[in-house]
Amino acid sequence: MRTAPLTALRRPGWTPWLYLLPALAVLGALLVYPIYQLGLISFLEYTQAQVSGGRPTSFQGFANYAALLGDGEFWRVLLATVLFAAACVLSTLLVGCALAVLLTRVRALPRLVLMLAALGAWATPAITGSTVWVFLFDPDFGPVNKVLGLGDFSWTYGRYSAFALVLFEVVWCSFPFVMVTVYAGIRAIPAEVLEAAALDGASQWRTWRSVMAPMLRPILLVVTLQSVIWDFKIFTQIYVMTGGGGIARQNLVLNVYAYQKAFASSQYSLGSAIGVVMLLILLAVTLVHLRIVRRQGEEL
């Protein structure tokens with residue numbers, strides 16, 4: 001009986017791409033074309049006059065980007081977005097990892113209760129969760145101010161208190177993803193490794209830092225990248241909880257800033273340019289992540 005050469009059996013050919021073709025077609029329709037339109041509009045003069053047909057659309061080149069980069073408010077909003085996203089990512093990772101470790105220490109029933117509560121927070125739509133949190137911290141009717149004895153203190157009046165309130169809500173709806181993913185990774189660690197660390201007298205913090213965290217590094221990189229993407233492009237929580245960007249636009253982030261430029265000011269080309277800048281920043285973060293993962297694979 002004649003068999004095919006081993007190299008021929010290992011050659012995948014076009015078969016995998018045929019299986020991926022339906023998914024690629026859907027992604028192309030949902031992502032590639034909108035991104036193309038976003039980039040195209042960012043190079044045009046496209047305001048309400050062009051939308052209504054009162055003036056012809058004209059090519060502006062990089063004029064929209066030059067105007068955007070020359071705007072001091074854009075840099076202020078970009079800095080606020082980066083700092084706010086970093087605070088959200090760090091807080092989410094701390095809460096999620098701490099609760100993941102806690103899940104390995106409690107009995108089955110408390111673990112089930114915590115899992116269900118976390119998944120309930122994760123499944124709550126962003127607009128619903130934001131509305132509930134605004135009510136909880138309402139200066140007149142919210143229970144939080146009454147419990148803390150803050151009287152009629154308004155969380156959304158000050159810039160930093162409003163950002164803190166949004167951060168609480170973002171962490172509340174984001175930590176379940178980190179918790180469940182890291183918990184699954186911890187369960188995959190051989191029990192003998194953890195037992196050896198305990199026999200050596202390592203504390204829980206030392207066990208996490210020296211044993212568990214290095215073994216969970218690929219998982220931590222994935223959840224960190226996902227959190228960065230989610231928190232950098234946050235829109236709903238800021239828009240709902242601060243009323244569209246806060247008093248005197250003090251709580252603007254890039255997504256809300258782009259929305260205001262595009263739809264409130266009818267400067268669709270500037271709004272598209274902001275969207276392209278956000279896309280490039282997130283693409284750079286993703287490429288750095290892939291390079292780190294590849295380097296770790298080569299070291300292994």
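Our subject is the structure listed above.
These remarks concern the structure in this document. (Residues numbered from 1 in each chain as written. Predicted model: local features only at pLDDT ≥ 70, side-chain atom pairs only at ≥ 80, totals over all residues. Heavy atoms only, no water.)

Comments concerning helix α11 (residues 204–215)
Okay, step 1: Between the first and last C-alpha of α11 there are 15 Å, a value that for 12 residues agrees with the 16 Å anticipated at 1.5 Å per step.
Okay, step 2: Those residues of α11 lying buried are Thr207, Trp208, Val211, Met212 and Ala213.
Okay, step 3: Buried residues in α11 make contact with α5 (72–103), α9 (159–188), α10 (191–199) and α12 (217–232). (Helix = DSSP H or I, 4+ residues; strand = E, 2+ residues; numbered from the N terminus. Expected span 1.5 Å × (residues − 1). Buried < 20%, exposed > 50% of the residue type's maximum accessible area, 1.4 Å probe, protein only. Contact = heavy atoms within 4.5 Å.)

A look at unusual backbone geometry
Okay, step 1: If you check the backbone angles, arginine 249 has positive phi at about 60° while not being a glycine.
Okay, step 2: A relative accessible area of 31% means that arginine 249 is categorised as partly exposed.
Okay, step 3: In this structure, serine 266 is a non-glycine residue whose phi angle is positive, near 60°.
Okay, step 4: Tracing the chain through its elements places serine 266 in the loop between α14 (254–264) and α15 (268–299).

Concerning the nonpolar core
The tendency in soluble globular proteins is for nonpolar side chains to be buried side by side.
Okay, step 1: Phe84 and Leu254 are the most contacted members of the largest nonpolar core, which totals 34 residues.
Okay, step 2: Leaving out residues up to four positions away in the same chain, leucine 254 has contacts with Phe74, Val77, Leu78, Thr81, Phe232, Ile274 and Met278.
Okay, step 3: Counting 23 residues, the second largest nonpolar core, distinct from the first, contains Met115, Ala118, Phe177 and Leu220. (Core = buried A, V, L, I, M, F, W, Y, C linked by side-chain atoms within 4.5 Å.)

Some details on the packing of α5 against α9
Okay, step 1: Their axes nearest at 6 Å, the elements α5 and α9 cross at an angle of 40°. The orientation of α5 relative to α9 falls into the category oblique. Classified by chirality, the crossing of α9 by α5 is right-handed.
Okay, step 2: Grouping the constituent residues of the contact of α5 with α9 by class yields 22 nonpolar, 4 polar and 2 charged. (Axes fitted to C-alpha atoms, helices over the stretch in contact; angles between N-to-C directions. Parallel < 35°, antiparallel > 145°, perpendicular 65-115°, else oblique. Left-handed = near helix turned anticlockwise from the far one by under 90°. Nonpolar A, V, L, I, M, F, W, Y, C, P; charged D, E, K, R; others polar.)

Overview of the environment of tyrosine 239
Okay, step 1: Within the element layout of this structure, tyrosine 239 appears in helix α13 (residues 236–241).
Okay, step 2: A sequence separation of 17 residues divides tyrosine 239 from valine 256, and the C-alpha atoms of the two residues are 6.8 Å apart.

What to know about the side chain of arginine 111
Okay, step 1: Position of arginine 111 among the secondary structure elements: in helix α6 (residues 108–123).
Okay, step 2: For arginine 111, the side chain forms a polar contact with the main-chain oxygen of leucine 103, separated by 2.9 Å.
Okay, step 3: A polar side-chain atom of arginine 111 sits 2.9 Å from the main-chain carbonyl oxygen of valine 106.
Okay, step 4: Not counting residues within four places of it along the chain, the set of residues in contact with arginine 111 comprises Leu103, Val106, Tyr183 and Arg187. (Polar contact = N/O pair within 3.5 Å; in protein donor to acceptor, adjacent residues only side chain to side chain.)

Describing the pattern of salt bridges
Okay, step 1: Going through the model one piece at a time under the given rule, you end up with 3 salt bridges.
Okay, step 2: A salt bridge links glutamate 45 to arginine 55, with the nearest nitrogen and oxygen atoms 3.2 Å apart. Residue glutamate 45 is found in strand β1 (residues 44–45), and its partner arginine 55 is found in the loop between α3 (48–52) and β2 (58–59); the two are separated by 10 residues along the sequence.
Okay, step 3: Judged by relative accessible area, which is 23%, glutamate 45 ranks as partly exposed.
Okay, step 4: Between arginine 249 and glutamate 73 there is a salt bridge whose closest N-O contact spans 2.8 Å. On the criterion of sequence distance, the pair formed by arginine 249 in the loop between α13 and α14 and glutamate 73 in helix α5 is long-range, its members being 176 residues apart. (Salt bridge = Lys/Arg side-chain N within 4 Å of Asp/Glu carboxyl O.)

Digging into the environment of histidine 289
Okay, step 1: Looking at where histidine 289 falls in the secondary structure, it is placed in helix α15.
Okay, step 2: It is 9.4 Å that separates the C-alpha atoms of histidine 289 and threonine 224, two residues lying 65 residues apart in sequence.
Okay, step 3: Look past the residues within four positions of histidine 289 in its chain and what remains in contact with it is Leu221, Val222 and Leu225.

Looking at the state of the cysteines
Okay, step 1: Per the stated rule, a full pass over the model turns up 0 disulfides.
Okay, step 2: Here cysteine 173 stays free of any disulfide, with the sulfur of cysteine 88 as its closest cysteine sulfur at 9.0 Å. (Disulfide = S-S within 2.5 Å.)

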